[in-house]
Structures are given as C-alpha cells and as structure tokens.
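Structure assessment
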Amino acid sequence: QVQLVESGGGLVEPGGSLRLSCAASGRWVSIDYMGWYRQAPGKERELVAGVASGGVPDYLEAVKGRFTISRDYAKNTVYLQMNSLKPEDTAVYYCNTKARRYLLTTPEDYWGQGTQVTVSS
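Attention here is on the structure that accompanies the text. Keep in mind the model is a prediction, meaning the values are calculated, not measured.

1. A closer look at the sheet that holds strand β7 (residues 67-72)
The antiparallel open sheet is built from 4 strands, whose spatial order is β1-β3-β8-β7. Two strands bound the open sheet, and with one partner strand each, they are β1 (2-7) and β7. Here the strands of the sheet are splayed against their neighbours by 15 degrees on average, with no regard to which way each runs. In the sheet, strand β3 (residues 18-26) pairs with strand β8 (residues 77-82) via 6 bridges, with the strands oriented antiparallel. When the bridges of β8 are listed, A23 appears paired with T77.

Here it is, written out as structure tokens:
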C-alpha cells in the first residue's frame, strides 16, 4: 500500500502564497507520477499540476505562471508552491500518485486525504 500525507493548506488573503507538501510512504517498485488535484464545492475534481518521473511539469491553464510543482525524489515528496492566490483557487487540494507496487504491473492511483485552501479577505 502507498500512503500520502498532505500538509500546508489554510486561509490566505488574495494575492498571498501557500506551499503544499505531500509525502509518500509505504512499499512500491516505482512512483511514475505525482500531482495535485483540486475540487471546489459543486465542481468536479480537476488536475492542477503534475509531473511524471523525469518529465516536464504540466499545469492547469488557470494556474500557469502562479503555481509551481516540484518533486524531491530522495524524500518521495511533491510540493505545490502557490503564489498570487485568487478566491477562485479556493478548494480542497488532493495529492495524487501513480505507483507500481510490483514489477510488470500497471500503475495504480493513490490519493491523499485532502487539504483545504481558502482564499478570502
């Protein structure tokens, strides 16, 4: 099993910054991908940013230039630096990883518990 533990959410004023962290633990053969999704009330969950191992980050158009995803491969941790936050960024943010627990298997999805980000004055 793979466990994801998130931290760093909270309340911030518009224009402010937050940094989310997500640490993976457990047993796996490889982690192929790590990313962040978000879900606002009444809306579907959407991909905010993600990066495949050794790949180039991909971002939701609405956050390009404001959010930065990064991975610490040694610590099995992914970060999301969020700058110039807007009220429409308010959502529960979920960490996601696609990991292989065994050789010659397809990656499985694992999710964190979610962390609330609220942007409000």
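2. Remarks on the packing of aromatic side chains
Scanning the model with the defined rule gives 1 aromatic pair in all. Taking the centre distance of 5.0 Å and the plane angle of 65 degrees together, the rings of Y37 and W111 count as edge-to-face. Taken together, the residues Y37 in strand β4 (residues 30-39) and W111 in strand β10 (residues 108-111) connect sequence positions 74 residues apart. On the basis of relative accessibility, which here comes to 36%, the residue W111 falls in the partly exposed class. Above the ring of W111, the side-chain terminus of R45 is found at 4.7 Å from the ring centroid.

3. Re the state of the cysteines
Applying the stated criterion across every chain yields a total of 1 disulfide. Put simply, C22 and C95 are joined by a disulfide, and their sulfur atoms are 2.1 Å apart. Disulfide C22-C95: the torsion about the S-S bond is -80 degrees, which places it as left-handed. With C22 in strand β3 and C95 in strand β9 (residues 91-100), this pair connects stretches of sequence that are 73 residues apart.

4. Some details on the pattern of salt bridges
Applying the stated criterion to the full structure yields 6 salt bridges. Put simply, E61 and K64 hold a salt bridge, and the shortest N to O gap is 3.1 Å. By relative accessible area, which is 45% here, K64 ends up partly exposed. For K98, the salt bridge identified is with D109, shortest N-O distance 2.7 Å. Here the residue K98 occupies a position in strand β9, and D109 occupies one in strand β10, the gap between them amounting to 11 residues. Here the residues in one salt-bridge network are R38, E46, R66 and D89, joined through shared partners.

5. Concerning the environment of L47
By secondary structure assignment, the location of L47 is in strand β5 (residues 46-52). Separated by 49 residues in the primary sequence, L47 and N96 place their C-alpha atoms 9.5 Å from one another. Setting aside residues no more than four positions away along its own chain, L47 makes contact with Y33, W36, Y37 and L60.

About the cut-offs
Residues numbered from 1 in each chain as written. Predicted model: local features only at pLDDT ≥ 70, side-chain atom pairs only at ≥ 80, totals over all residues. Heavy atoms only, no water. Pairing = 2+ DSSP bridges. Helix = DSSP H or I, 4+ residues; strand = E, 2+ residues; numbered from the N terminus. Axes fitted to C-alpha atoms, helices over the stretch in contact; angles between N-to-C directions. Phe/Tyr/Trp six-rings, centres within 6.5 Å; stacked < 30°, edge-to-face > 60°. Buried < 20%, exposed > 50% of the residue type's maximum accessible area, 1.4 Å probe, protein only. Lys NZ or Arg CZ within 6 Å of the ring centre and 35° of its normal. Disulfide = S-S within 2.5 Å. Salt bridge = Lys/Arg side-chain N within 4 Å of Asp/Glu carboxyl O. Contact = heavy atoms within 4.5 Å.

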